[in-house]
Number of protein chains: 2
Amino acid sequence: MVEIIDGGITTPQGFKAAGVHSGVKYRSLDLGMLYSEVPARAYCAFTSNNVKAAPVQVMMEENSKTLSAVVVNSGNANALTGRRGIEDAYAMKQAVAAELNLDPKEVGVMSTGLIGRFLDMHKIRYGISRAARELDVGREPDKLICEAIMTTDTIKKECAVRTRLSDGTLVYIAAISKGSGMIEPHVKVLHGTTLTMITTDATLGDDFADTWQSILDDSMNMVSVDGDQSTNDTCILMANGMSKSKPADHDPEFEAALRLVMTKIARTIAMDGEGASKLIEVQVTGADTKDDARKVVKTIINSPLVKTAIFGADPNYGRLMMAVGNSGCKFDLNEVRLTIKGGDMEVPILDSGAPIFQDERAVEVVRMAMDNKEVTIMVDLGVGEETATGWGCDLTYDYVRINAEYAT
Amino acid sequence: MVEIIDGGITTPQGFKAAGVHSGVKYRSLDLGMLYSEVPARAYCAFTSNNVKAAPVQVMMEENSKTLSAVVVNSGNANALTGRRGIEDAYAMKQAVAAELNLDPKEVGVMSTGLIGRFLDMHKIRYGISRAARELDVGREPDKLICEAIMTTDTIKKECAVRTRLSDGTLVYIAAISKGSGMIEPHVKVLHGTTLTMITTDATLGDDFADTWQSILDDSMNMVSVDGDQSTNDTCILMANGMSKSKPADHDPEFEAALRLVMTKIARTIAMDGEGASKLIEVQVTGADTKDDARKVVKTIINSPLVKTAIFGADPNYGRLMMAVGNSGCKFDLNEVRLTIKGGDMEVPILDSGAPIFQDERAVEVVRMAMDNKEVTIMVDLGVGEETATGWGCDLTYDYVRINAEYAT
C-alpha cells in the first residue's frame, strides 16, 4: 500500500539538500544542491529536443550510473551557449566535487532559465560553496531547494510517499520538480524545462530503465503547458539503497509507488503552467493503439482553441472534435463518446456524431461543468481498448503577459 | 508579367457574386454566392482533418469537375452535425440549383462558423433566394461576398491579377478568402476554416491537379494562426475559359500568376489571424529536405513562446532555436545562421552555436527589429539546399479574449 506522507526530497534516508541565493537572479533563491551520504544508483532522462542545453550534453556524454550530488541553477538555462557553456557545466560539477570531496563524475548538473546567455561563474561558484555548507535534512532544506529551482513557477512541486516492498522493507520515495513554461517534455532514459529530482532509499540494480521509461511516458511525458519542449528537461532518479531493501527493479510495489509520485508531480506541473487558471485532464479510451490514445490526448491539450475555450468556460465543444480529427487517430464518429466533467457535473456531449445539446439552455450545463478549477475531458474513440491520460492547462491572458515580457 | 490590379472575385470575365444577410448571424452579412455564366472547370481542395464538416463531406463525395456556382454561409460551420448536417448541405446545393436553373452537382457549398449546431434552413433558403437575385459584377458585389464569408476576420482578403499567357491571351485571376482562427490548413486536392474561392477566365484542362497542390503547399498550407486545422477548410478554383485561352495547365505564366495570388492571400490570412498585431514570416534555407524546411517553418510559427515573444518584442531568441531543435530537422548547430528582420533592420543572432549578443545594449537592437508590424525570421540550417517560407502571427491578449468568448 502506497501512503502519501508530509515529506520532501530529504525524507528518504541519507539525502540532504540546500537552496541558496547565488546572485544569478536578482533576489530569489537560484541555486539548489542535493546530496546523498552514500553513492546512489542514478537513472536519468533528458529532453528529446535536438538543441540540448550544455548541462544536458555533459550529463549525456558522461552517462554516470552513480551520482552522489546534483547541482541546479535557475535564472539561466546555459543553453545555446556553445563551447563556453559546456566548460561552465563541467566547472559546476568540479566545484561541487571539490566542496564535497567527490569525483566530478558523481555530480549531476541542471540549469533552467533564459536561453542564450553565458553563466556568471563567479556567482555560481559562490552559490555552490554556500550550498555545500548548508546541506541539511528536514522540511526547511526541502523547501529551500524547491524554491531555488523555480523560474516562473508559483507553487512548490513536491511529493513524498512510503510503501512496503515485496521483501517487507519500508522504503521512501520523494520528488521535487519545477516547470511552468516551455513544457512538453519527451524525456528519454539515457538519452523536461522541467527539472525533476527523485530520491529513494530503496535499492535499484541495473534493470530499471524500461520500467522507468514507461513511468515517465505515462507521467512527465503526458504533460503539456504550451507544446514547446525545452532544451533543458532533465529528470534524475537517485536510489541510495539505505533502506537495505533487495533490488526493487521488478518490484510491483515500488513501481506503483513511483508511478503515484510521478503522476502527482506531472499534474502539479500542468496545474501550475504559466498563467494557468485551470487544470485540464484528458482521458482517452477506446483507442486502436496506445500511440493513437497518446496523440489524441496531446492534440487536445495542445490546442489553443480548446485551451482558451476552457479558460472562458465557453461551451465550444466542437473544438474538442476538431482536435480529435487533427490527431490523425483512428475513430468511429458514430461511436465516439465525448464527456466533459467539472466539479460534481459529468456532461455527455455527443451522440451518433452530433451534439446532444442544441438549445442555449442545455448548452449552459456544459458551461457550468467547464467553470471549475479542474476540467476533465473524456473521449472514447469507439474502436479499441487502448487508453491514455494527460494533463495541460488553460491559455489565459497571464500566459501571454508572462511570455511577452520574459527576457526583460 | 503578372500585374496586380484593383479588382475582386468578379473581375475575371463571366463571374458574378452576391453577399446578403440571411439571419444566421444577428446583423452582419452571412451568405455569399458566386456564379459563372458558363460552367467552370473546378479544382477543389479540402481539409485533412478527419472530422470533416458536412459540406466538405458532400463535396468530396460528389467530386464534381465542373461548377457553375458556389454558396457559402458564415456563422455556422455545419460541422459535427451528423446525418442532418449532410442533408442540410445537399439542401443548400439544391436551393441554389433551383434558383439558378443548374444541376445541383454544379453547385459548390461551404460553411464556416460555430461547430456542433444545426443550420436554420429557413434562414439559409431565404438568403439563397435573395443572393441569387442580387448576383452582379463589379466592386460592390466583390465587397459584399467578401464580407458575407467573414467570421472573426477584420480585413477583406482579396487579390486580383492579370497576366499574359504563353499563347498571348490576357487572363485575369482573382481570389477571396476568409480565415482568422482555427487556421493551419493542410488542404489536399481532391480529397481551409479557411474558405477560399479563386476565379479565372483562363482555360484549364484535366492536368492541373499537381501544380495546384504544389501551389497550395507553398501558400495556404504554409499558414498557421494557431496550429488548429479546421473541419471546414475548402479551396475552390474555378476556371471558366471565357478568355478563350489554350489550356493553361502547364503554362508557367499562369502558374506564376496564381502563385502570386495565393501567396498574397496566405499572407493576408496570417496577418489577420485572430487577435494578431504582427505578421511573422519565417524563411528557412539550407535544409536537407523540403520536408525538413517546412517542419522548421511550422514549428517556429506554431510555438506559443515564439509568438508571445514577438508580440512583446521580447528579444528571447533562444526560443527560436528551441523550436528548431523540436522540429526534428537535421541541422548543424555550428553552421546555423539565425537572423531577425524588422523594418529596416536585419540583425544576425547566432555565431557558431552561441548568440552574438550578450550585453543588454546589444540585445536592445534585437528588440527594435522585433518592434515592427512585420517580423521576418530567417534560419539557415547549414546542411543542404532546400527552402521553405511560411506565415503566422503573434499570440496576443486579443487572441485569448476572442477565443474564450467565441460561442457566446
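These numbers come from a predicted model, not from an experiment.

A word on the overall build of chain A. Summing up its helical and strand segments, chain A has 11 helices and 17 strands in all. With the C-alpha coordinates of chain A rotated into their principal frame, the extents come out at 70 × 55 × 35 Å. Counting all 408 residues of chain A, 64% fall into the buried class. Carbon together with sulfur atoms contributes 47% to the accessible area of chain A, which is approximately 14200 Å² in total. The centroid of the 42 positive side-chain charges in chain A is displaced by 5 Å from the centroid of its 57 negative side-chain charges.

Further remarks concern the pairing of strand β6 (residues 157-164) of chain A. Residue and element names in this part refer to chain A. By the bridge criterion, two bridges tie strand β1 (residues 3-4) to β6 in an arrangement that is antiparallel. Residue Glu 3 lies in a different strand from β6, and its bridge partner there is Arg 162. For β6 and strand β7 (residues 170-178), the ladder comprises eight bridges, and the chain directions are antiparallel. Bridge assignment links Arg 162 to a residue of β7, and that residue is Tyr 172. The loop that links β6 with its antiparallel partner β7 comprises five residues; one of these, Gly 168, has a positive phi angle of about 95 degrees.

With 59 residues of chain B at the contact, the number on the chain A side is 59 residues. At the boundary of chain B with chain A, total buried surface from both sides reaches about 4700 Å², with 59% on carbon and sulfur atoms. Sorting the residues of chain B by area buried against chain A places B:Leu80, B:Arg117 and B:Tyr397 first, and these three jointly supply 13% of that buried surface. Where chain B packs against chain A, one counts zero salt bridges. One can count 14 residue pairs in polar contact (both at pLDDT 80 or more) joining chain B with chain A. Elements with a minimum of two residues in the side of chain B that touches chain A: α8 (304-311), α9 (318-326), β15 (354-355), α10 (360-370) and α11 (397-404) of chain B. Grouping the amino acids of the side of chain B that touches chain A by side-chain chemistry returns 29 nonpolar, 20 polar and 10 charged.

A separate point is the side chain of B:Thr196. Within the secondary structure layout, B:Thr196 lies in strand β9 (residues 195-200). For B:Thr196, a relative accessible area of 0% gives the class buried.

Moving on to the sheet that holds strand β11 (residues 279-287) of chain A. All names here are of chain A. Judged by pairing direction, the sheet is mixed, and its five strands sit side by side in the order β13-β12-β16-β11-β17 without closing on themselves. Because the sheet does not close on itself, it has two edges, and the strands there are β13 (345-348) and β17 (386-393). Across this sheet, the average inter-strand angle for adjacent strands is 15 degrees, counted without regard to direction. By the bridge criterion, seven bridges tie β11 to β17 in an arrangement that is antiparallel.

Another aspect to go through is the sheet that holds strand β17 (residues 386-393) of chain B. All names here are of chain B. The mixed open sheet is built from five strands, whose spatial order is β13-β12-β16-β11-β17. Strands at the two margins of the open sheet, each flanked by one partner only, are β13 (345-348) and β17. Going across the sheet, the axis of each strand differs from the next one's by a mean of 15 degrees, ignoring polarity.

Time to look at the pattern of salt bridges. Residue and element names in this part refer to chain A. Throughout the structure, instances matching the rule amount to 45 salt bridges over all chains. Of the charged contacts, one joins Glu 134 and Arg 130 as a salt bridge, the two residues approaching to 3.2 Å between their closest N and O atoms. Taken together, the residues Glu 134 and Arg 130, both in helix α3 (residues 121-134) and four residues apart, mark about one turn of the helix. You can call Glu 134 partly exposed: its relative accessible area is 34%. Residue Arg 130 is classed as partly exposed on the basis of its relative accessible area of 25%. Close ionic contact of Asp 153 with Lys 157 constitutes a salt bridge, the shortest N to O distance being 2.7 Å. This pair shows no difference in class: Asp 153 is buried, exactly as Lys 157 is. Among the charged side chains, a salt-bridge network with shared partners connects Asp 6, Arg 139, Asp 142, Lys 156 and Glu 158.

Time to look at the packing of aromatic side chains. A complete count under the given rule lists seven aromatic pairs over all chains for this structure. Seen in terms of ring centroids, A:Tyr397 and B:Tyr397 are 6.5 Å apart; in terms of plane orientation they differ by 45 degrees. Their pairing is tilted. Here A:Tyr397 is found in helix α11 (residues 397-404), whereas its partner B:Tyr397 is found in helix α11 on a different chain. Ring centres of B:Phe208 and B:Phe254 lie 5.6 Å apart, and the angle between their planes is 65 degrees; on these two criteria the pair is classed as edge-to-face. Placement of the pair is B:Phe208 in the loop between β9 and α5 (209-218) and B:Phe254 in helix α6 (residues 252-271), with a sequence separation of 46 residues. Residues B:Phe208 and B:Phe254 agree in their burial class; the two are buried.

Another aspect to go through is the pairing of strand β3 (residues 31-46) of chain A. Regular strands show a simple pattern: their side chains alternate between the two faces of the sheet. Residue and element names in this part refer to chain A. For β3, the tally of buried residues reaches 13 of 16 residues, placing the bulk of the element in the interior. Summarising the sheet, strand β2 (residues 15-20) and β3 pair through six bridges and their orientation is antiparallel. Bridge pairing in β3 places Ala 17 opposite Leu 34. Pairing analysis gives seven bridges linking β3 to strand β4 (residues 66-76), with the strands arranged antiparallel.

What follows deals with the relation of the copies chain B and chain A. The transform that puts chain B on chain A rotates by 180 degrees and translates by 0.0 Å along the axis, for an RMSD of 0.0 Å. In symmetry terms, the pair is related by a two-fold rotation axis. The position closest to the rotation axis in chain B is occupied by the C-alpha of B:Tyr397, lying 2.7 Å away. Mapped onto chain A, 100% of the interface residues of chain B are again interface residues, and the two copies thus contact each other with one and the same surface.

Moving on: the side chain of B:Ser74. All names here are of chain B. Along the polypeptide, Ser 74 turns up in strand β4 (residues 66-76). Separated by 3.3 Å, the side chains of Ser 74 and Lys 25 make a polar contact. Contact partners of Ser 74, with chain neighbours within four places excluded, come to Val 24, Lys 25, Leu 29, Asp 30, Thr 112, Ala 148, Ile 149, Met 150 and Thr 151.

Quick look at helix α7 (residues 290-302) of chain A now. Residues and elements named next belong to chain A. Here α7 spans 18 Å end to end across 13 residues, near enough to the 18 Å set by a 1.5 Å rise per residue. Of the residues making up α7, those classed as buried are Asp 292, Ala 293, Val 296, Val 297, Lys 298, Ile 300 and Ile 301. Among the structural elements, β11, α8 (304-311), α9 (318-326), β16 (374-380) and β17 are those in contact with the buried residues of α7.

Comment: phi is negative for the bulk of residues other than glycine, and the bulk of peptide bonds are trans. Residue and element names in this part refer to chain A. Even without being a glycine, Lys 244 presents a positive backbone phi close to 65 degrees. Counting through the fold element by element, Lys 244 comes out in the loop between β10 (234-239) and α6 (252-271). In the Ramachandran plot, Ala 313 falls in the positive-phi region, its phi being about 50 degrees despite a non-glycine side chain. The residue Ala 313 is located in the loop between α8 and α9 in this model.

Our focus in this paragraph is the environment of A:Ala293. Residue and element names in this part refer to chain A. On the secondary structure map, Ala 293 appears in helix α7. Judged by its relative accessible area of 0%, Ala 293 falls in the buried class. Between the alpha carbons of Ala 293 and Val 282 there is a distance of 10 Å; along the sequence they are 11 residues apart. Setting aside residues up to four positions removed in sequence, Ala 293 forms contacts with Val 284, Ala 287, Glu 386, Thr 387 and Ala 388.

What counts, and where the lines are drawn
- Residues numbered from 1 in each chain as written.
- Chains lettered and ligands numbered in written order.
- Predicted model: local features only at pLDDT ≥ 70, side-chain atom pairs only at ≥ 80, totals over all residues.
- Heavy atoms only, no water.
- Helix = DSSP H or I, 4+ residues; strand = E, 2+ residues; numbered from the N terminus.
- Buried < 20%, exposed > 50% of the residue type's maximum accessible area, 1.4 Å probe, protein only.
- Areas by Shrake-Rupley, 256 points an atom, 1.4 Å probe, with all protein chains shown as cover.
- Lys, Arg positive; Asp, Glu negative; His and termini not counted.
- Charge placed at Lys NZ, Arg CZ, Asp CG, Glu CD.
- Pairing = 2+ DSSP bridges.
- Contact = heavy atoms within 4.5 Å.
- Buried area = accessible area lost by both parts, 1.4 Å probe.
- Salt bridge = Lys/Arg side-chain N within 4 Å of Asp/Glu carboxyl O.
- Polar contact = N/O pair within 3.5 Å; in protein donor to acceptor, adjacent residues only side chain to side chain.
- Nonpolar A, V, L, I, M, F, W, Y, C, P; charged D, E, K, R; others polar.
- Axes fitted to C-alpha atoms, helices over the stretch in contact; angles between N-to-C directions.
- Phe/Tyr/Trp six-rings, centres within 6.5 Å; stacked < 30°, edge-to-face > 60°.
- Least-squares fit on C-alpha atoms with pLDDT ≥ 70 in both.
- Expected span 1.5 Å × (residues − 1).

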